[in-house]
Amino acid sequence: VPCIAFMVVFVTYIVMIAYRYIFRAQLNWIYELSMISFSWTVMLPASQGGRTDQHIVFSIVYDLFSERTRRWFRIVGNLVVVVTFAVLLPHAWEAVAFLARKKSSIMKIPFNYIYFPFVLFVVLTLVHYPVRVLRDILPGVAAFADKERA
């Protein structure tokens, strides 16, 4: 789905540029579609970094500590993320459900459809981060799982 959303963003940008500079016209609905697709493109794969552990990290201070201390930092940090997102989930769901009352101005798409990827982002983060905590708590299990995947 994120790849499709990105393709929609790319194609709509090309069409917007063509209409603006070749046909000297502007399509408002295509601008709105590109903004919606962009939000889906950003939100849906955002939790992937939690699964693959490929977030941007400033590790100058982190690298100074031993592996055991770093593991505890990861456990505490990931638990903070899990607790925060667990508290956030019902509120995010409520906010997105509330947005069903409003629709986008041009395409008349309900806002809850537009912002639903945020709820998916929260749910997927709540799936990926406890796994990371368990991998740090039980390093032998993580090594076995990594060996099985290879």
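Residues numbered from 1 in each chain as written. Predicted model: local features only at pLDDT ≥ 70, side-chain atom pairs only at ≥ 80, totals over all residues. Heavy atoms only, no water.

Draft legend 1. Fine view of the pattern of salt bridges. The tally for this structure, following the rule as stated, stands at four salt bridges. Measuring nitrogen to oxygen at the nearest pair gives 3.9 Å for the salt bridge that ties Arg70 to Asp63. Linking Arg74 and Glu67 is a salt bridge whose minimum nitrogen-to-oxygen distance equals 3.2 Å. Among the residues examined, Arg74 registers a relative accessible area of 22% and is labelled partly exposed. Under the relative-accessibility criterion, Glu67 is labelled partly exposed at 42%. Salt bridges sharing partners connect three or more residues here, namely Asp63, Glu67, Arg70, Arg74 and Asp136. (Salt bridge = Lys/Arg side-chain N within 4 Å of Asp/Glu carboxyl O. Buried < 20%, exposed > 50% of the residue type's maximum accessible area, 1.4 Å probe, protein only.)

Draft legend 2. Spatial organisation of empty space enclosed by the protein. A full pass over the atoms with the stated rule returns one cavity of 30 Å³ or more. Space inside the largest cavity adds up to approximately 50 Å³. Forming the boundary of the largest cavity are Met16, Tyr19, Arg20, Ala25, Gln26, Leu27 and Tyr31. Considering each element in turn, the lining of the largest cavity owes the most residues, three residues, to helix H1 (residues 2-21). Tallied by class, the residues present in the lining of the largest cavity amount to five nonpolar, one polar and one charged. (1 Å grid on protein atoms, 1.4 Å probe; cavity = no way out; pocket = protein on both sides within 12 Å on 5 of 7 lines; lining within 4 Å. Points joined across faces, edges and corners; volume = space filled by probe spheres on them. Helix = DSSP H or I, 4+ residues; strand = E, 2+ residues; numbered from the N terminus. Nonpolar A, V, L, I, M, F, W, Y, C, P; charged D, E, K, R; others polar.)

Draft legend 3. Expanded view of a nonpolar patch on the surface. A cluster of nonpolar residues, Tyr13, Ile17, Tyr19, Tyr21, Ile22, Phe23, Tyr31, Met35, Phe38 and Val42, forms a patch on the protein surface that exposes about 1000 Å² of accessible area. Among the secondary structure elements, those contributing two or more residues to the nonpolar patch are H1 and helix H2 (28-43). Given a relative accessible area of 54%, Phe23 falls into the exposed group. (Patch = residues over 30% accessible without salt bridge, like charges linked within 9 Å, V, L, I, M, F, W, Y side chains within 5 Å. Areas by Shrake-Rupley, 256 points an atom, 1.4 Å probe, with all protein chains shown as cover.)

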